[in-house]
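# Close look at the chain arrangement
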Amino acid sequence: MRRLLSLGGLVLLAACTVGPDYQPPVVDSIPDEFRYAPAATASVVAEVRDRWWSIFDDALLDSILLEVRSANRELQAAVARLDATRAAIGLARADGLPAVSLEPSVIRQSLSENAQTFGGSGDDNLDAFAPDLDFTTYALPVQASWEIDVVGRVRRSVEAAVADVEAAEADVADLLLLLEADAAELYFSIRAFDLEIELLEATAEARKEGLELVETRFELGVVDELDVAQARTQLATAEAAALGVRRQRIAAETALAALAGKTATRFVVAPLPLEGEPPSVPAGLPSELLRARPDVRSAERSIASANARVGIAEAAFYPSVTLVGSGGFSALDESRWIESDSVFWSIGPQVYLPIFQGGRLDADLEAAQARYEASLLDYQAVVLRSFAEVENRLAASELIEAQLLVQGEAVNAADRALELANIKYRGGISDYLTVLDSERTKLDVERQQAQLRGQAYINTVRLVRALGGRW
C-alpha cells in the first residue's frame, strides 16, 4: 500500500506543468479596411485558393507553376528539412516514455591466480580453487528507465517541438508562394518583352519602308543624303533595341527554367505578346491577412515555441525523478541459464535535485525569456511589414491603372502626330527631322505602354503574394 501511495503521489505530481501557458499575441489597431482597397472589394472575405494563379486564366502559366511545385530543387530541399524537423516531435515524446533495452551476453573470463585471496594457506587451497579461475557468465538482463514528468519538462518539450514543426511548415508554404510568385513575375516579364519586341520589329519594318521612300526621294534629288543617313540610323536603332530586349528575355527565360527545375537548354517559353489588363484582386479584410500569410503564421508559431522553452528552462530548477529497473537471468552454467533460480531484478526511483549550478539555470531562464520577447517583437514586425506590403501593392494597382489610361492617350496622340508629320514631309511642307522626332516619340510611348502593362501584371502577382495567396 505504501508503494502504491508513493506511485500515486508521483503521478499526481506529474500532472503539474511549470512555465507560462501560451497566449496568442494580440495585434493592436487592426484597421477595418485597407486604405487603398477599391470600395467594391474592401469587405470581401478572404478564401483559400489552391492555385491562386488561375485568376489569370493562362494555361501556359498554369503548366509552368505546376512544374515549379513539383520540380523546384530549393522547394524539395526545404520539404526534406521539414521532414527532419518533424522527427524532433518523436524525439521529444520519447523522453516521456519508458526506455527498455535487452543486453544478452556470454562472457568467458580468466582470473589472476596472484590476485586472489584464499581462505587457507598452502598449495592444497590453490589447487582446489584453480579450476574456478576460468569460467563463463551467461546473462540475459533487461534494463528499463522511465522519467516521470514531474513538472512538465517533457510536455513543454513536445509543445516546443510541435510549434517548431508548425513554424517550419509555414516557412515551406511561404517559400512555395515566393517561388510561385517569382515564376509568375518572370513569365509576365517574358510576355511583356514579347510585346516590346513585337513593337520594335513593327517599327523596324515601318522604318525600312521609310528608308526606301527617302532613298527614292534622294535619287530623284528631292532630299539630300542627310535624310538617308538619318533614316538608316533610325532603322539600326530599332533593330538594336529589339536585340537588347531579346537579351533580357533570354535572361528571364533561363531564370524561369531554374525555378521550374529544368535545364535552360531545353526550356522554351513560346513567344506570346502580353495583351489586355490583369484581373482585379479583392484585398479582403485586414484581419484575414494575419491568417492568410505564411510568414505571419510562422512568426506566431515561433512565439509558441519560445514560450514553451521558457517552461523547459523553469523545469530545470525542479527535481527530476526517473524510475530505473533491471532484471533477467544470470548463471555460470549454460544448462541453468533460464531457470527460476537464475532470476535477478532491481527497481527503484532515482532523483536528481539541482543544488548549486553556478548561476547556469538562472542564465538559461533569462535567455529563454529574452528569446520569447524577441520572437514577439519579430511577429509584430512581420505584421507591420505585411500591412505595408499590401497597402503598397494596392496603391500601385490604382496608380498603374491610371497611368495606363493616360499612356493610351499618349499613344493615340503620337500616332496622329506621326501621321501628320509623314503627310507634311511627303508634301514637302516640313523636313525629315520632324518625321524622325515623331517616330521616336511614338516608339517611346508605345514601349512605355508595353512596360506599364507588364508592371500591371507583375504588381497583381505581388499583391496576391502580399495577401498570402488568398483573396
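The present account deals with the structure reproduced in this document. (Residues numbered from 1 in each chain as written. Predicted model: local features only at pLDDT ≥ 70, side-chain atom pairs only at ≥ 80, totals over all residues. Heavy atoms only, no water.)

For any two helices packed against each other, one specifies the inter-axial angle together with the distance between the axes. Across the interface, helix α2 (residues 59-71) lies against helix α5 (residues 153-219) with an axial gap of 10 Å and an inter-helix angle of 145 degrees. α5 is crossed by α2, and the crossing has right-handed handedness. Along its contact with α2, which presents Leu60, Leu61, Ile64, Leu65, Val68 and Arg69, the element α5 presents Leu176, Leu179, Glu180, Ala183, Ala184, Tyr187 and Phe188. When grouped by side-chain class, the residues that make up the contact of α2 with α5 number 11 nonpolar, no polar and two charged. (Axes fitted to C-alpha atoms, helices over the stretch in contact; angles between N-to-C directions. Helix = DSSP H or I, 4+ residues; strand = E, 2+ residues; numbered from the N terminus. Left-handed = near helix turned anticlockwise from the far one by under 90°. Contact = heavy atoms within 4.5 Å. Nonpolar A, V, L, I, M, F, W, Y, C, P; charged D, E, K, R; others polar.)

Moving on, we get to the side chain of Ser326. Examined against the element boundaries, Ser326 turns out to sit in strand β4 (residues 320-331). If we ignore the near neighbours within four places in the chain, the residues touching Ser326 are Val142, Gln143, Phe344, Trp345 and Ser346.

Here Leu65 is to be found in helix α2. Every residue in contact with Leu65, bar those within four places of it in the chain, is listed here: Trp52, Trp53, Glu180, Ala183 and Ala184.

Take α2 next. Residues lying three or four places apart along an α-helix face the same way, a consequence of the helix completing one turn every 3.6 residues. With 13 residues, α2 extends 18 Å between its outermost C-alpha atoms, agreeing within 8% with the 18 Å of an ideal straight helix rising 1.5 Å per residue. As for α2, its buried residues are in contact with α3 (73-94), α5 and α6 (225-259). Two to three positions downstream of the cap, the backbone nitrogen of Leu60 sits 3.0 Å from a side-chain oxygen, assigning the N-cap of α2 to Asp58. (Expected span 1.5 Å × (residues − 1). Polar contact = N/O pair within 3.5 Å; in protein donor to acceptor, adjacent residues only side chain to side chain.)

The next thing to look at is the pairing of strand β2 (residues 105-110). Counted residue by residue, β2 has zero buried out of six residues, so it is predominantly exposed. Looking at chain direction, β2 and strand β3 (residues 134-148) are connected through six bridges and run antiparallel. If you follow Val106 over to β3, its bridge partner there is Tyr138. (Buried < 20%, exposed > 50% of the residue type's maximum accessible area, 1.4 Å probe, protein only. Pairing = 2+ DSSP bridges.)

So, on to the pattern of salt bridges. A complete count under the given rule lists 30 salt bridges for this structure. With a shortest N-O distance of 2.6 Å, Arg191 and Asp58 are connected by a salt bridge. Within this pair, whereas Arg191 is found in helix α5, its partner Asp58 is found in the loop between α1 (2-14) and α2, the two being separated by 133 residues in sequence. Given a relative accessible area of 11%, Arg191 falls into the buried group. Under the relative-accessibility criterion, Asp58 is labelled buried at 13%. Glu185 is the salt-bridge partner of Arg462, the closest N and O atoms lying 3.1 Å from each other. Of the two residues, Arg462 sits in helix α10 (residues 432-466) while Glu185 sits in helix α5, which places them 277 residues apart along the sequence. Residue classification places Arg462 among the partly exposed positions, given a relative accessible area of 34%. Judged by relative accessible area, Glu185 falls into the buried class, the value being 12%. Bridged by salt links that share partners, the residues Arg293, Asp295, Arg385 and Glu389 form one connected network. (Salt bridge = Lys/Arg side-chain N within 4 Å of Asp/Glu carboxyl O.)

With that settled, the discussion passes to the nonpolar core. Core analysis: the biggest nonpolar cluster contains 69 residues, and Trp52, Phe188 and Leu256 have the highest contact counts within it. For this core, the secondary-structure elements that each account for two or more residues are α2, α3, α5, α6, α7 (286-292), α8 (294-315), α9 (360-426) and α10. In terms of residues, this core owes the most to one element, α5, which gives 17 residues. Setting aside residues no more than four positions away along its own chain, Leu256 makes contact with Ile64, Ala183, Leu186, Tyr187, Ile190, Phe267 and Val269. (Core = buried A, V, L, I, M, F, W, Y, C linked by side-chain atoms within 4.5 Å.)

To continue, consider the pairing of β4. The pairing of β3 with β4 spans 11 bridges and is classified as antiparallel. By the bridge assignment, Ala144 is partnered in β4 with Gly325. Relative to strand β5 (residues 343-352), β4 runs antiparallel, the two being bridged by 10 bridges. Across the sheet, Leu323 pairs through a bridge with Pro349, a residue of β5.

Let us look at α3. Helix length check: α3 (22 residues) gives 32 Å between terminal C-alpha atoms against 32 Å at 1.5 Å per residue, within 8%. Taken together, the buried positions of α3 are occupied by Leu75, Ala78, Leu82, Ile89 and Ala92. Down the axis of α3, the smallest arc covering the buried residues is 70 degrees, so these residues share one side. Across α3 from its buried face, at more than 90 degrees, point the exposed residues Arg73, Arg81, Ala84 and Leu91. In this structure, the buried side of α3 is in contact with α2 and α5. (Arc of directions from axis to C-beta.)

Attention now moves to the environment of Leu60. Secondary-structure assignment places Leu60 in helix α2. With 87 residues separating them along the chain, Leu60 and Glu147 place their C-alpha atoms 58 Å apart. Contact partners of Leu60, with chain neighbours within four places excluded, come to Tyr187 and Val269.

Attention now goes to the packing of aromatic side chains. Here the structure, examined in full by the defined rule, presents seven aromatic pairs. Centre to centre, the rings of Phe34 and Phe387 are 6.2 Å apart; their planes meet at 50 degrees, and the pair counts as tilted. Taken together, the positions of Phe34 in the loop between α1 and α2 and Phe387 in helix α9 put the pair 353 residues apart, joining distant regions of the chain. Phe34 gets classed as buried once you look at its relative accessible area, which sits at 1%. By relative accessible area, Phe387 is classed as buried at 13%. With a centroid separation of 5.0 Å and 55 degrees between ring planes, the pair formed by Tyr425 and Tyr432 is classed as tilted. For the pair Tyr425 and Tyr432, one class covers both residues: buried. By the ring-pair criterion, three or more aromatic residues cluster together here, those being Phe56, Tyr187, Phe188 and Tyr457. (Phe/Tyr/Trp six-rings, centres within 6.5 Å; stacked < 30°, edge-to-face > 60°.)

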